[in-house]
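# Coordinate analysis (summary)
If you want the building blocks of each chain, they are given just below.
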Amino acid sequence: MPLKLSMKNTMSLTSVVREIRQKQKIKFNPPDRPTAVWTGKDLFDGKLINSLTIIFQTSGCRWNSCAMCGYVYDSARTPPSHDDLIKQFENAMSRCPEEEFMVKIFTSGSFLDDCEISGETRKEILSRLGKDDRIKKVIAETRPEYVTPERSDEAIAALGKPFEVAIGLETSSDMIRKDCINKGFTFADFVMASEDAKAAGASVKAYLMLKPPFLSEGVALNDMVRSINDAAPYAGTISVNLCNVQKGTLVDEMFERGDYRPPWLWSAVEVLKTGKASNPGTILMSDPVAAGSARGPHNCRICDRDVAEAIRVFSVAQDVSVFEGLDCECRELWKKVVELEEFTFGAPFLI
Ligand code: SF4
Ligand SMILES: [Zn+2]
């Protein structure tokens, strides 16, 4: 069944996404508690290191209009004060690893947006992280429009140690970013942000998105390979996110109608193999969130666990040989899907 939403042809993707968002209930979380905190592992200078991920609860993303994004439901009902945000930070830091680690900051929006985190609060958080000798690096996610030379300089000065700006570029295609994701910025905006961040001494990470809605498996796969090549000159690390179906999103509505299937894990393997071969100096990673479930990237269910694990191992080892010998009967089926979905105009050939 083709996509049929309560919209007229003239309605923009922004209006459709906002209409869906208005129907959702936002859960209450005390304003002095972060949305989430967890520990994990990441790469630092080519070696595995502990990581602490903090998702601050802020007023949320000002753009709030991307087709696949459910993070907006994590935002606070009322904007947290400076003291609330510092308490969130202290709460998160009470769970940090004992040895050296890196800190990854998300806000379900942009850490460098003054409306979410004021300059004063940002400076205090970064200064405290700077004084903690166990912390080797800080990564913070932001939209590109908030990466200005001033804010980059301020962040680096307050922190005094390696700082990485992480930007959800999603794709290097302006058409796909606009018409399939509704991201609201261009590749040129990303390039400018990357250059400003680098000029201040920060490194850059780009998040790409494999298989946003309205694309066939093959078009999505080729889009990622091209995007890795295009983004590599501007981002030392590229993380390929495999689109999963988040509640209360346009992708969710399409999924429920049978109009969207998350990407095959085989597509991710192909993207990582080809992308690494063309860009050996770029750190290429992917965390297959919700792999093996209907709402996450999956193959035939039988091989999902092994293929997802190979993707995780590759992300740490940066060695495509981890994919050698990986096979399953469904690989031939995936090849057919890549070939035949070209004729279904983006509607899934198989769910
Ligand atoms: S810019 Fe990021 S946080 Fe904001 S709606 Fe888009 S994906 Fe979500
Ligand atoms: Zn399989």
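From a predicted model like this one, the values you see are computed outputs, not experimental measurements.

## So, the site of ligand 1
In the vicinity of ligand 1, the contacting residues are Cys 61, Asn 64, Ser 65, Cys 66, Cys 69, Ser 108, Arg 143 and Lys 183. Cavity membership is defined here by more than half of the atoms lying within 2 Å of grid points; on that basis ligand 1 lies in the largest pocket. Split by residue class, the shell around ligand 1 holds three nonpolar, three polar and two charged.

## Points about the coordination of the zinc ion (ligand 2)
Six octahedral donors at a metal ideally form angles of 90 or 180 degrees, and four tetrahedral donors ideally form angles of 109.5 degrees. The protein atoms that coordinate the zinc ion (ligand 2) are Cys 300 (SG), Cys 303 (SG), Cys 328 (SG) and Cys 330 (SG), at distances spanning 2.2 to 2.4 Å. Ordering the donors of the zinc ion (ligand 2) by residue number gives the pattern C-x2-C-x24-C-x1-C. Of this pair, Cys 303 sits in the loop between β8 (283–285) and α10 (304–317) while Cys 328 sits in the loop between α10 and α11 (330–340), placing them 25 residues apart in sequence. Of the two residues, Cys 303 and Cys 328, neither departs from the other in class, the shared state being buried.

## Describing the side chain of Ser 51
Note on placement: Ser 51 falls in strand β2 (residues 47–55). In terms of polar contacts, Ser 51 uses its side chain to reach the backbone amide nitrogen of Lys 41, at 3.4 Å. Setting aside chain neighbours within four positions, we find Ser 51 in contact with Trp 38, Thr 39, Gly 40, Lys 41, Asp 42, Pro 97, Phe 101, Met 102 and Lys 104.

## Description of the layout of surface pockets
Put simply, the largest pocket is a space of about 1400 Å³. Together, 49 residues line the largest pocket, and Tyr 71, Phe 106, Tyr 207, Asn 241 and Val 289 are the ones closest to its centre. Secondary-structure elements contributing two or more residues to the lining of the largest pocket are β1 (36–44), β2, β3 (101–106), β5 (163–170), β6 (203–210), β7 (237–242) and α10. In terms of residue count, the dominant contributor to the lining of the largest pocket is β1 (six residues). Grouping the amino acids of the lining of the largest pocket by side-chain chemistry returns 20 nonpolar, 17 polar and 12 charged. Approximately 220 Å³ is the volume attributed to the second largest pocket. Around the second largest pocket, the lining comprises 18 residues; the ones closest to its centre are Leu 43, Lys 137, Glu 164, Thr 237 and Ile 283. At the level of elements, β1, β4 (135–141), β6 and β8 are the ones that each hand at least two residues to the lining of the second largest pocket. Here the lining of the second largest pocket is composed, by residue class, of eight nonpolar, four polar and six charged.

Criteria and cut-off values
Residues numbered from 1 in each chain as written. Chains lettered and ligands numbered in written order. Predicted model: local features only at pLDDT ≥ 70, side-chain atom pairs only at ≥ 80, totals over all residues. Heavy atoms only, no water. Near = heavy atom within 4 Å. 1 Å grid on protein atoms, 1.4 Å probe; cavity = no way out; pocket = protein on both sides within 12 Å on 5 of 7 lines; lining within 4 Å. Sits in = over half its atoms within 2 Å of the grid points. Nonpolar A, V, L, I, M, F, W, Y, C, P; charged D, E, K, R; others polar. Donors = N, O, S within 2.8 Å, 3.2 Å for Na, K, Ca; no water. Helix = DSSP H or I, 4+ residues; strand = E, 2+ residues; numbered from the N terminus. Buried < 20%, exposed > 50% of the residue type's maximum accessible area, 1.4 Å probe, protein only. Polar contact = N/O pair within 3.5 Å; in protein donor to acceptor, adjacent residues only side chain to side chain. Contact = heavy atoms within 4.5 Å. Points joined across faces, edges and corners; volume = space filled by probe spheres on them.

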